[in-house]
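# Results of the structural survey
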Amino acid sequence: MGLDRPWIAQYGQWLSHAVRGDFGTSWFGGDSVSESLVLKAPVSLSIVVGGLLPAAVLSVVLGVAAAVRRGRLDRVVQATAIVGYAVPSFLMALMLSATLAVQLRWLPATGYVPLADSPSGWLQSITLPAVSLAIGAIAATAQQVRGSVIDVLRQGFVRTLRSRGMSERRVLFRHVLRNAAPPALTVLSLQFISLVGGAVVIEKVFGLPGVGSAAVTATVNGDTPLVMGVVVYLVLIVVAVNLLVDLAYGRLNPKVRVR
Amino acid sequence: MTQSARRDTRGTLDPAPGTARRRGHPLSRLPHNRVAVVCLVLLALIVAASVFAPLLTSAGPTRSTLDDAFAPPGGGHLLGADSVGRDVLARLLYGGRVSLLGGFIAVAVALLIGVPAGLLAGYYRGRLDAVVSWVASLVMAAPAIMVLLVSIAAIGPDTNATMAMLGLILAPGVFRLVRASVTSMREELYVDAARVSGLGDARIVRRHILPVVQAPTIIQSAQMFGVAVVIQAGIEFLGLGSAGQASWGAMLNEAFANLYTKPSLLVAPGLTIVITVATLGLLANALRDALVASLGATPVPYDGDDTADRLATALPQGADAVLDLVGGDALDTVSTLMSPGCRVLTVADPDTAARFGARPLSRGNRAQPLGELARRVNDQIK
């Protein structure tokens, strides 16, 4: 394996293979790292994306409603933010698993069904993990959306638009939301990355064969090639998410477009 | 700047001494905030419970009595026993030590790196700022737990070393916060004023910039502590903490292993984590409220015939400077020259002001050179 060579030489060899898509083989089991990651990534991405998409929709609705209506709904959103901060996603997962899966047997407690095998089985197998990830994300994002909508509502141009007789609905949907969106998008992109981290522990709770559980096993075993492969997978995700967010900024705000 | 500064001070503003808003150091307002007091008491209890664990329970956190496996709460085990007969209460108390020490290490490392880096980068800008900011955004881009896994793979499972690593990951957040505060401070007129009046860099940072950075940093620290407790529990839950120690995360792992036979084992460690972290979060919120209320230098205008009486009651409330100024314009000018948190008592009548040690800044001070005005304000505050 060439472990006697200087680490810089080992790294150089790893890098020259990695750019060609070869991340070596696992020291335990001898599987190809890239193949096993390709196999495991859909599991992790299913629960992360499956958690984030509903979380994004719900938190925008909740955040905007809290900012516009204030009152009781506002206090609920604020309280949820504290709960979401204080209840770690894996604790939420443990509670959901103990009640909904183990006691009531509504949903499977462990295992993953690929989407290609059975769409309904897939949905059932990712529901609880996705929900446990989503709750924390909703709490954090709704709070941010609320804050940025309130900031925009306070600005002078909103008063001007209202004074020109524009309907409240039009002010909100055409002008306020567009201006409040960039900070909310930033939070969502950060949430995506933190959900990828949260998925590591969630996968263990629900016995899902994803990248996270592979990373934990590799960490315990000291399986360096697999750990390196996981890091590359992460870097790719972070870069892709940031690129998407930058493109979305451009769509929302003509001022940041590059000619 | 503030409402009171814009209004005409002559006759219309009449704050009774009791209602004049006091704005001092954000922390000085905390005892008035009920949530903050409850949170601080709860935190003190949690700390005391784990520090004095041996006094509160005679049971050992790792001593197992197989006969007591899954013992129900009450009797010999106040909170019951786990699958190998270890006392849940003892594990909870001793586990608190691991969590609190871990949180402390993470926050300390984050502050030790983040605060100096943020002050230097924000104050001196330039190439240093560019490099450090780049490194910070690089570290922030990765999910913390994954970075921790890699570090555990490299240095082995040791809870305290992992928490120090977490501090390293949290440091960019502190750095950005401090840097942002310093950068915005630099643009303020009163920092220019301080420089014009001959204060050195070190003194400007200590007198004008550190006090402003301090409050948000304390808020961030409370929040980071909560994050550290959560992440540490996650690491221990995965079985990647130091071997053989009782911790809240390890207790959750034990509950998870017995999810089908005894799910109630989740309750004690779960509730403890939630209460600890929620307390830290609420404390951070209360601190933030106090901070928002204390932002901005606040002119406390006084006027009228009984000025002398009012001054006598107002001064102990802690005005940092007494100036004989009238009119909104003058107040605005002074406000921008003073760092946030300073209280200025303005008195319309020069004679009264003089009796209370105020030096005349002269009426219609707009005509005065900025440097001269700044020097006088700074003289007053010293």
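What counts as what
Residues numbered from 1 in each chain as written. Chains lettered and ligands numbered in written order. Predicted model: local features only at pLDDT ≥ 70, side-chain atom pairs only at ≥ 80, totals over all residues. Heavy atoms only, no water. pLDDT = per-residue confidence, 0-100. Helix = DSSP H or I, 4+ residues; strand = E, 2+ residues; numbered from the N terminus. Phe/Tyr/Trp six-rings, centres within 6.5 Å; stacked < 30°, edge-to-face > 60°. Buried < 20%, exposed > 50% of the residue type's maximum accessible area, 1.4 Å probe, protein only. Patch = residues over 30% accessible without salt bridge, like charges linked within 9 Å, V, L, I, M, F, W, Y side chains within 5 Å. Areas by Shrake-Rupley, 256 points an atom, 1.4 Å probe, with all protein chains shown as cover. Salt bridge = Lys/Arg side-chain N within 4 Å of Asp/Glu carboxyl O. 1 Å grid on protein atoms, 1.4 Å probe; cavity = no way out; pocket = protein on both sides within 12 Å on 5 of 7 lines; lining within 4 Å. Points joined across faces, edges and corners; volume = space filled by probe spheres on them. Nonpolar A, V, L, I, M, F, W, Y, C, P; charged D, E, K, R; others polar. Contact = heavy atoms within 4.5 Å. Polar contact = N/O pair within 3.5 Å; in protein donor to acceptor, adjacent residues only side chain to side chain. Expected span 1.5 Å × (residues − 1). Axes fitted to C-alpha atoms, helices over the stretch in contact; angles between N-to-C directions. Lys, Arg positive; Asp, Glu negative; His and termini not counted. Charge placed at Lys NZ, Arg CZ, Asp CG, Glu CD.

Here the focus is the confidence of the model for chain A. Confidence along chain A averages 84 in pLDDT terms, with 98% of residues attaining 70 or more. In the model of chain A, helix α6 (residues 156-163) of chain A stands out as the element of lowest mean pLDDT, 82, in contrast to helix α2 (residues 33-69) of chain A, which has the highest, 89.

Our next topic: the packing of aromatic side chains. Residues and elements named next belong to chain A. In the structure shown here, the tally under the stated rule is 5 aromatic pairs over all chains. Look at W14 and F23: their rings are 6.2 Å apart centre to centre, the planes differ by 50°, and that puts the pair in the tilted class. Overall, the relative accessible area of 18% leaves W14 in the buried class. Owing to a relative accessible area of 16%, F23 belongs among the buried residues under this scheme.

Okay, a nonpolar patch on the surface next. All names here are of chain B. Side chains of V37, V38, V41, L42, L45, V267, L271 and I275 sit close together on the surface and give an oily, nonpolar patch of about 650 Å² of accessible area. Going through the elements one at a time, α2 (34-51) and α11 (267-294) are the ones with two or more residues in the nonpolar patch. Counting through the fold element by element, V38 comes out in helix α2.

This next bit is on unusual backbone geometry. Even without being a glycine, R70 of chain A presents a positive backbone phi close to 50°. Along the polypeptide, R70 of chain A turns up in the loop between α2 and α3 (71-86). A relative accessible area of 38% places R70 of chain A in the partly exposed class. The phi angle at R125 of chain B is positive, at roughly 50°, despite the residue not being glycine. By the secondary structure assignment, R125 of chain B is in the loop between α4 (88-124) and α5 (126-141).

Turning next to empty space enclosed by the protein. All names here are of chain B. A complete count under the given rule lists 4 cavities of 30 Å³ or more for this structure. In this model, the second largest cavity occupies a volume close to 60 Å³. Taken together, D82, V88, R91, M251, E254, A255, L265 and P269 make up the full set of residues lining the second largest cavity. When contributions to the lining of the second largest cavity are tallied by element, the ones reaching two or more residues are α4 and α10 (248-257). No other element matches the 3 residues that α10 contributes to the lining of the second largest cavity. For the lining of the second largest cavity, a count of residues per class yields 5 nonpolar, no polar and 3 charged.

Now for the interface of chain B and chain A. Across the boundary between the two partners, chain B contributes 34 residues, which contact 30 residues of chain A. Between chain B and chain A we count 1 residue pair in polar contact (both at pLDDT 80 or more) in total. Broken down by secondary-structure element, the contributors of at least two residues to the side of chain B that touches chain A are α6 (144-155), α9 (201-237), α10 and α11 of chain B. Along the lines of polarity and charge, the residues of the side of chain B that touches chain A split into 27 nonpolar, 7 polar and no charged.

So, on to α3 of chain A. Over its 16 residues, α3 of chain A runs 23 Å from end to end, which matches the ideal 22 Å to within 8%, given 1.5 Å per residue. The complete set of buried residues in α3 of chain A reads D74, V77, A81, I82, G84 and A86 of chain A.

Let us look at the layout of surface pockets. Considered as a void within the structure, the second largest pocket measures approximately 790 Å³ in volume. If you list the elements that add at least two residues to the lining of the second largest pocket, you get α1 (7-18) and α9 (224-252) of chain A together with α5 and α6 of chain B. The element best represented in the lining of the second largest pocket is α9 of chain A, accounting for 9 residues. Residues that form the lining of the second largest pocket fall into these classes: 26 nonpolar, 4 polar and 1 charged.

The next point concerns the side chain of R86 of chain B. Residues and elements named next belong to chain B. As for its placement among the helices and strands, R86 is situated in the loop between α3 (53-56) and α4. Since its relative accessible area comes to 17%, R86 is described here as buried. Non-local contacts of R86, meaning those with residues more than four positions away in its chain, are made with P61, T62, R63, S64, G80, A81, R91 and E254.

Next up on the list: the side chain of S97 of chain A. You can see S97 of chain A is positioned in helix α4 (residues 89-103). Apart from residues lying up to four places away in sequence, S97 of chain A is in contact with V102, A109 and F206 of chain A together with L259 of chain B.

Once that is clear, we can look at the pattern of salt bridges. Applying the stated rule across the entire model yields 6 salt bridges over all chains. A salt bridge links D129 of chain B to R179 of chain B; the shortest N-O distance between them is 2.6 Å. Separated by 50 residues along the polypeptide, D129 of chain B in helix α5 and R179 of chain B in helix α7 (residues 159-186) bring together distant segments of the chain. Given a relative accessible area of 7%, D129 of chain B falls into the buried group. Overlapping salt bridges, with partners in common, bring together R70, D74 and R146 of chain A in one network.

For the pair helix α7 (residues 168-205) of chain A and α6 of chain B, the least separation of the axes is 6 Å and the interaxial angle reads 65°. For the pair α7 of chain A and α6 of chain B, the contacting residues are G197, V200 and V201 of chain A in the first and I145, M146 and L149 of chain B in the second.

Let's shift gears to the confidence of the model for chain B. Residue and element names in this part refer to chain B. Put simply, chain B has an average pLDDT of 73, and 68% of its residues get 70 or more. The element-level mean pLDDT for chain B is lowest in helix α1 (residues 3-6), coming to 38, with α4 highest at 91. In the predicted structure, residues 296-320 sits below a pLDDT of 50 and forms 76 contacts with residues beyond four places in sequence or in another chain. Model confidence for the complex is summarised by a pTM of 0.76, with the ipTM given as 0.83.

This part is about a positive patch on the surface. Residues and elements named next belong to chain A. Where like charges cluster on the molecular surface, the positive patch consists of R170, R174, R178 and R251. It is α7 that provides the largest number of residues to the positive patch, a total of 3 residues. Looking at the element boundaries, R251 is found in helix α9. Given a relative accessible area of 69%, R251 falls into the exposed group.

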